[in-house]
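# Fold and geometry: a report
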Amino acid sequence: MEQEGTSKSTSSSQSPRSRCPAPFLSKTYDLLEEGRADDHDHDHDRAGKRIVSWNAEGTGFVVWSPAEFSELLLPKYFKHNNFSSFIRQLNTYGFKKTSSKRWEFKHEKFKKGCRQMLAEITRKKSEPSIFPAYLKASEESSTMTAAMEETNRQLLLKENKALRREKLELQMQIAHFKALELKLLDCLSQYMQQGGNNNQNKVRS
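Residues numbered from 1 in each chain as written. Predicted model: local features only at pLDDT ≥ 70, side-chain atom pairs only at ≥ 80, totals over all residues. Heavy atoms only, no water.

## Concerning the UniProt feature "coiled-coil region" (unreviewed entry) in the protein chain
As recorded in UniProt, the feature "coiled-coil region" (unreviewed entry) lies at residues 146-180. With 100% helix and 0% strand, the stretch residues 146-180 has end C-alpha atoms that lie 51 Å from each other. (UniProt positions renumbered as here; feature names shortened; annotations may be inferred. Helix = DSSP H or I, 4+ residues; strand = E, 2+ residues; numbered from the N terminus.)

## A few points about the sheet that holds strand 2 (residues 60-63)
With antiparallel pairing, four strands are arranged side by side in an open sheet as 1-2-4-3. Two strands close off the open sheet at either side, each with one partner strand: strand 1 (52-54) and strand 3 (96-97). Taken together, the three bridges between strand 1 and strand 2 define a ladder with antiparallel strand orientation. Pairing of Trp 54 across the sheet is with Phe 61, part of strand 2. Strand contacts of helix 4 (residues 83-92): strand 2 and strand 4 (103-106), with the helix running at about 25° to strand 4, the strand carrying the most contacts. (Pairing = 2+ DSSP bridges. Contact = heavy atoms within 4.5 Å. Axes fitted to C-alpha atoms, helices over the stretch in contact; angles between N-to-C directions.)

## Thoughts on the pairing of strand 2
Neither face of strand 2 is left uncovered, since the one carrying Gly 60 and Val 62 and the one carrying Phe 61 and Val 63 both have all their residues buried. Two successive antiparallel strands, strand 1 and strand 2, enclose a turn made up of five residues, where Gly 58 displays a positive phi of approximately 75°. Where strand 2 and strand 4 come together, four bridges link them in antiparallel fashion. From the neighbouring strand, Val 62 faces strand 4, where its bridge partner is Glu 104. (Buried < 20%, exposed > 50% of the residue type's maximum accessible area, 1.4 Å probe, protein only.)

## So, helix 3 (residues 66-78)
Between its first and last C-alpha, helix 3 extends only 15 Å over 13 residues, short of the 18 Å set by a 1.5 Å rise per residue. At Leu 72, helix 3 is deflected by roughly 35°, the largest bend along its length, and proline Pro 75 occurs up to four residues later in sequence. Along helix 3, the positions that sit buried rather than exposed are Phe 69, Ser 70, Leu 73, Leu 74, Tyr 77 and Phe 78. Positive backbone phi, at 65°, marks Lys 79, one or two positions downstream of helix 3. (Expected span 1.5 Å × (residues − 1). Bend = angle between axes of the 7 residues up to and from the residue.)

## A closer look at the environment of Lys 124
Take Lys 124: it is sitting in the loop between strand 4 and helix 5 (132-204). Placed 30 residues apart in sequence, Lys 124 and Gly 94 show a C-alpha to C-alpha distance of 6.4 Å. A distance of 3.5 Å separates a polar atom in the side chain of Lys 124 from a polar atom in the side chain of Asn 91. (Polar contact = N/O pair within 3.5 Å; in protein donor to acceptor, adjacent residues only side chain to side chain.)

## Digging into the packing of aromatic side chains
Considering all chains together, one arrives at 17 aromatic pairs under this definition. Look at Phe 24 and Tyr 93: their rings are 5.8 Å apart centre to centre, the planes differ by 10°, and that puts the pair in the stacked class. Of the two residues, Phe 24 is situated in helix 2 (residues 23-37) and Tyr 93 in the loop between helix 4 and strand 3; the sequence distance between them amounts to 69 residues. We note that Phe 24, like Tyr 93, is buried. Residues Phe 69 and Phe 83 carry aromatic rings whose centres are separated by 6.0 Å and whose planes lie at 80° to one another, so their mutual orientation is edge-to-face. Of this pair, Phe 69 sits in helix 3 while Phe 83 sits in helix 4, and the two are 14 residues apart along the sequence. Lying across the ring of Trp 64, Arg 50 places its NZ or CZ 4.1 Å from the centre. When the ring centre of Trp 103 is taken as origin, the NZ or CZ atom of Lys 97, which lies over that ring, is 4.9 Å away. (Phe/Tyr/Trp six-rings, centres within 6.5 Å; stacked < 30°, edge-to-face > 60°. Lys NZ or Arg CZ within 6 Å of the ring centre and 35° of its normal.)

This is the structure:
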């Protein structure tokens, strides 16, 4: 009986550790660890700049280049390239954005060298998002950029239309001046002919 109780106690104490961590957490951890250990530096872009890494203390990680992260790493580990979706997943597991100047995320049980703690991280129940301001700012920035591009396009179209109109007006003015030039030359020619005829009549007389 004592052995059975000991067995149950051991089993219950090991159960949290024996749970498998969520695939999202394992992939995120692998992304950071493989990038740190790989000779090819998967956490660097083609120019050698850092894309993502653990922070200096190993208590969180930093996405240094969201654009490169979305293009190069998300498709490899998560089969998509949506940075906002990645952030929402972090929020689901209780990660916190800890800096207003960079994309740094922390969780008390997500630390460098502590893979065994991943199983203790669970999905949160429905709670207000901790990242709405950042996601909203990102979406608003994209909307504003699109609006500015459309405004610039409309301005360029108007400017192009105005330039075409000015070109047409100049062509019409040039044609008008050429016609005047021809008329003046014709008048000058007639005047010269009349002057020559008058001189001949005077000589005869």
